[in-house]
Amino acid sequence: MLATITGKTRLTGLLGRPVEHSISPMMHNEAFAQLELPYAYLCFDIGEEELPSAVEALKVLGARGWNCTWPDKNKMAELCDHLSPAARIIGAVNTVVNDEGVLTGHITDGTGYMMAVKDAGYDVIGKKMTMLGTGGAATAIIVQAALDGVSELAVFCRKSSRFYARTVEIVNRLNEQTACRVKLIASSGDYEEDRLREEIGTSYLLVNGTSVGMAPNVGQCLIKDPGVFHKNLVVSDIIYNPRMTRLLEMAKQAGCPVFNGLYMLLYQGAEAFFLWTGKNMPIPVIKEKYFS
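Please read these numbers as outputs of a predicted model, since none were measured by experiment. (Residues numbered from 1 in each chain as written. Predicted model: local features only at pLDDT ≥ 70, side-chain atom pairs only at ≥ 80, totals over all residues. Heavy atoms only, no water.)

K.L.:
I'm lost on the pairing of strand S1 (residues 10-16) in this one. Help?
P.N.:
Side-chain positions along a regular strand alternate between the two faces of the sheet. Within S1, 5 of the 7 residues are buried, which leaves the element mostly enclosed by the surrounding structure. Note that S1 and strand S2 (residues 39-45) share 7 bridges and pair parallel. The residue of S2 that forms the bridge with Gly13 is Leu42. Taking the sense of rotation as the criterion, the β-α-β connection linking S1, helix H1 (residues 24-35) and S2 turns out right-handed. As judged from the 4 bridges shared by S1 and strand S3 (residues 65-68), these two strands associate in the parallel manner. Looking at the pairing, Leu14 lines up with Asn67 of S3. (Buried < 20%, exposed > 50% of the residue type's maximum accessible area, 1.4 Å probe, protein only. Helix = DSSP H or I, 4+ residues; strand = E, 2+ residues; numbered from the N terminus. Pairing = 2+ DSSP bridges. Right-handed = clockwise from strand over helix to strand, strands pointing away.)

K.L.:
For this particular structure, what's the right way to read the sheet that holds strand S4 (residues 82-83)?
P.N.:
Pairing between the strands of a sheet is mediated by backbone hydrogen bonds and can be parallel or antiparallel. On the basis of which strands lie adjacent, the open sheet formed by 6 strands has the order S2-S1-S3-S5-S6-S4 and mixed pairing. Each having just a single partner strand, S2 and S4 make up the two edges of the open sheet. Contacting S1, S2 and S3, H1 crosses the sheet at an angle of about 170° to S2. With respect to the sheet, helix H10 (residues 262-277) is in contact with S1, S2, S3, strand S5 (95-99) and strand S6 (102-106), its orientation differing from that of S5 by roughly 5°. (Contact = heavy atoms within 4.5 Å. Axes fitted to C-alpha atoms, helices over the stretch in contact; angles between N-to-C directions.)

K.L.:
In this structure, what is going on with the nonpolar core? I would like to understand it.
P.N.:
The tendency in soluble globular proteins is for nonpolar side chains to be buried side by side. Of all hydrophobic cores here, the largest spans 49 residues; its most connected members are Trp66, Met76, Tyr113, Met129, Val143, Leu153 and Leu205. Per-element accounting of this core gives the leading share, 7 residues, to helix H6 (residues 136-148). Residue contacts for Leu205: discarding those within four places in its chain leaves Tyr113, Val117, Val124, Lys128, Met129, Thr130, Leu233, Val234, Ser236 and Phe259. Membership of the second largest hydrophobic core comes to 21 residues, among which are Leu37, Tyr41, Ala272 and Phe291. (Core = buried A, V, L, I, M, F, W, Y, C linked by side-chain atoms within 4.5 Å.)

Shown next, in the form of C-alpha cells:
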C-alpha cells in the first residue's frame, strides 16, 4: 500500500552514505499509508561534508524530520538546536524532528533495542547486562539501558578500538548522571575468558553489540568457551543476518533463551515514526510485511 501524495504531504527521509539498501522507506511509507497520514519517506545519499547544506535545504522545504545513518550521526548532533538526554551523552543523532526550523536530535537505536527486549518477553530493568563491543549501536544501547534503569552494566572493549576514548568518556558520564553502575573492561587483544566468565556469570542479559558473526563471516563468535552460559542468562545479538548467529547457536545449545537484532531495527524506526507523527506505528502489519 502506498500513501497518496497531495499538496499537504510532508517530507521525511534518511540521510547517509550508502542508503540504497535501507528498508526504512518501505516500513515508514507502509505505516503512513495504513494510518492515512500525510507524510512520505525518501532516501538521500548525503555524506558528512554535504550534511550542513542538506539540513538547511530540508528546513527550507519544511521537512517534518529525518533519520541519519553512517557517516552523518555525529555531525548531525552538532547541527541540532536541542538533543535528547541519550543523544547528548553519546554526541550522536539518528533521528531529527523539525519544529518550524528548530531541530531536536534523538538517538533511537537504544530505545529500539530496549523495546525489542520487551517484545521478546524479558525485563532487564533493575538487573545486570553485559555488552560486548562499543561501536555506535552498542553505545546507544548501553546509554539507553542505563537511563531506563538497568542496575549494572559490564562493557567489554578493546583498547585498540577507535571508539575507546569516546567509550571512556561515556562510561564516566553514565556513572555520574545515572544510578546504573557501569564498568568498562578493556583488553589489548581478545576479551579475557576469566573476566567474561565473571561478568556474564552475574548477568541477566548478554548482548553482542559488534558485527562479529554477521554474514558472510557466520562462523565467528567472540565467546569461545560455552561454559560462560548459565541457565538464568538471556543472550541477544544485534545482528539479524544470519538470524541465528554462532553466538545464539552456542547459547541455545547451553539452554539459554535467545533473540536477534531484527526487532531492534523495527522498533528504532517505530520510535522515529512516533516522534514525527505522535502516532504509534502499526507494528503487527509492519512485522508481517517486512520482518517475518
